[in-house]
Amino acid sequence: MGDFQSTDKLARRGLLFILSSPSGAGKTTLSQMLLKADEEIKLSVSATTRPPRPGEQDGVHYHFVSDAQFDRMVEEDDFYEWAHVFNHRYGTPKGAIREALKDGQDFLFDIDWQGTQQLKQKDDQDVVTVFVLPPSLDELRRRLESRAQDSSDVIDDRMERARAEISHWAEYDYVVVNDSVDECFDRVREVLDAERMKRTRQTGLIPFVRELMG
Ligand SMILES: Nc1nc2c(ncn2[C@@H]2O[C@H](COP(=O)(O)OP(=O)(O)O)[C@@H](O)[C@H]2O)c(=O)[nH]1
Ligand SMILES: Nc1ncnc2c1ncn2[C@@H]1O[C@H](COP(=O)(O)OP(=O)(O)O)[C@@H](O)[C@H]1O
């Protein structure tokens, strides 16, 4: 058994795990489940000019910033990528992502298709993308309404944009349907587990195999 255990500790490069979906399909729910269940992945906290929803904490769910602060961050080249979504701006701060990837740290991104394309252009090798579909548009609306955190105008706007967002499904590596949240979560974890095992990410394999072969 000893040898098998030692393979668990092989060095590995981290990955950038992106979950996208039309608003209300469940990516925040799935992200929170993943962050709770998996210690090796941490959330990339975006900056946004949208106001906080009840219960959202600054620095935890988002960095809530003013338009002027966002402008300054753009000018100072603080973002990996940023985009306009629903009349607000959202961006991924550079932070220490590149260095941490080398140490095997995985990052979770809850970003839209525009951010996904930009991250892929910057760092295709480390990016793994998953698109979350709702089981139906009726159910999507029910979920947006049940969340009860947006006005009906905002919900109408999000429903209108859902089709446009769904049209980007084929740009993603994996697609999951969030019908039962537990089953969907299992699928998401299977993707993450398999991607971590990719040969090219397992940087500790070369010395391990060299030793194995004497
Ligand atoms: N490009 C980009 N999109 C983001 C970022 N942060 C959040 N988003 C997207 O902005 C959209 C709106 O997010 P939000 O207002 O939290 O509503 P949600 O869709 O209900 O989660 C979602 O599609 C997010 O994935 C970011 O840093 N960059
Ligand atoms: N599989 C599911 N079945 C029923 N309700 C769900 C499911 N997944 C998420 N929800 C609920 O739907 C609403 C929207 O989910 P949320 O995770 O906020 O979506 P998103 O982040 O994609 O906008 C929330 O109230 C959430 O609890």
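As recorded in an unreviewed UniProt entry, the protein goes by Guanylate kinase and comes from Erythrobacter crassostreae. Here the protein is described in UniProt, under the heading Function (unreviewed entry), as follows: "Essential for recycling GMP and indirectly, cGMP." In its Sequence similarities (unreviewed entry) section, the UniProt record describing the protein reads: "Belongs to the guanylate kinase family."

Caption draft 1: Main features of the UniProt feature "domain: Guanylate kinase-like" (unreviewed entry) in the protein. Mapped onto the present numbering, the UniProt feature "domain: Guanylate kinase-like" (unreviewed entry) falls at residues 14-193. In residues 14-193, the share of helix is 42% and the share of strand is 23%. The end C-alpha atoms are 12 Å apart.

Caption draft 2: How the structure looks around the site of ligand 1. By nearness alone, 20 residues border ligand 1, and S46, R50, Y62, E81 and Y90 come closest of all. The side chain of K27 places a nitrogen or oxygen atom 3.2 Å from an oxygen atom of ligand 1. The contact in question runs from a nitrogen atom of ligand 1 to an N or O atom on the side chain of E81, over 2.7 Å. In the complex, 99% of the free accessible area of ligand 1, which totals 560 Å², lies under the protein chains. Every element with two or more residues in the shell around ligand 1 is listed here: α2 (27-37), β5 (79-85) and β6 (88-93).

Caption draft 3: Spatial organisation of a nonpolar patch on the surface. Together, V209, L212 and M213 make up a nonpolar patch on the protein surface, roughly 330 Å² of accessible area in all. Structurally, V209 can be placed in helix α9 (residues 205-212). For V209, a relative accessible area of 34% gives the class partly exposed.

Caption draft 4: Layout of the packing of aromatic side chains. Across all of its chains, the model carries 5 aromatic pairs by this definition. Residue placement shows R89 over the ring face of W82; its charged tip is 5.9 Å from the ring centre.

Caption draft 5: Region of interest: helix α7 (residues 152-166). With 15 residues, α7 extends 21 Å from end C-alpha to end C-alpha; this agrees with the ideal 21 Å at 1.5 Å per step. In α7, a bend of some 25 degrees at E160 exceeds every other bend along the element. Residues I155, R158, M159, A162 and E165 constitute the buried set of α7. In this structure, the buried side of α7 is in contact with β6, β8 (127-133) and α6 (137-147).

Caption draft 6: Main features of the nonpolar core. Within the largest apolar cluster, 22 residues are counted, with the highest numbers of intra-cluster contacts made by F17, L19 and L34. At the level of secondary structure, the elements contributing two or more residues to this core comprise β1 (16-20), α2, β8, α6, α7 and α8 (181-196). Ranked by residues supplied to this core, first place goes to α8 with 5 residues. For L34, the residues in contact, after removing those within four places along its chain, are F17, I41, L108, F185, V188, R189 and L192. One finds Y80, A100, L101 and L119 within the second-largest nonpolar core, a separate group that totals 11 residues.

Rules used throughout
- Within each chain, residues carry numbers counting from 1 in the order of the written sequence.
- Each chain gets a letter, beginning with A, and each ligand a number, beginning with 1, in the order they are written.
- In keeping with the model being predicted, local features are shown solely for residues with a pLDDT of at least 70 and side-chain atom pairs are shown and tallied solely at 80 or more, while totals for entire chains, interfaces and linings include all residues.
- As a rule here, side-chain values cover all heavy atoms of the structure and leave hydrogens and water aside.
- UniProt positions are given in the numbering used here, feature names are shortened, and annotations may be inferred rather than shown by experiment.
- By definition, any uninterrupted DSSP run of H or I lasting at least four residues is a helix, any uninterrupted run of E lasting at least two residues is a strand, and each is numbered from the N terminus.
- Summary of the distance rule: residues count as near a molecule or strand when at least one heavy atom falls within 4 Å of that molecule or strand.
- Counting of polar contacts relies on pairs of N or O atoms within 3.5 Å, with two restrictions inside protein: one atom must be capable of donating a hydrogen and the other of accepting it, and residues adjacent in sequence are counted only when both atoms are side-chain atoms.
- Per-residue and other accessible areas were derived by the Shrake-Rupley procedure at a 1.4 Å probe size, with only the shown protein chains allowed to occlude residues.
- Like charges within 9 Å and nonpolar side chains (Val, Leu, Ile, Met, Phe, Trp, Tyr) within 5 Å are joined into patches, using only residues over 30% in relative accessible area that form no salt bridge.
- We define a salt bridge as a contact between a side-chain nitrogen of Lys or Arg and a carboxyl oxygen of Asp or Glu at a distance within 4 Å.
- For every residue, the accessible area obtained with a 1.4 Å probe (protein chains only) is divided by the maximum for its type, and the residue is called buried under 20%, exposed over 50%, and partly exposed between those limits.
- By convention, a stacked pair of Phe, Tyr or Trp rings (six-membered ring in the case of Trp) has centres within 6.5 Å and planes under 30 degrees apart, an edge-to-face pair has planes over 60 apart, and any other such pair is tilted.
- Look at NZ for Lys and CZ for Arg. If either is within 6 Å of the ring centre and within 35 degrees of the ring normal, a charge sits over the ring.
- Expected helix span is taken as 1.5 Å per residue step, with the number of steps being one fewer than the number of residues.
- The angle separating two fitted axes, one through the seven residues that finish at a residue and one through the seven that start at it, defines the bend at that residue.
- Pairs of residues are marked as contacts when any of their non-hydrogen atoms sit within 4.5 Å.
- By convention a nonpolar core is built from buried Ala, Val, Leu, Ile, Met, Phe, Trp, Tyr and Cys residues, the set being connected through side-chain atoms within 4.5 Å.

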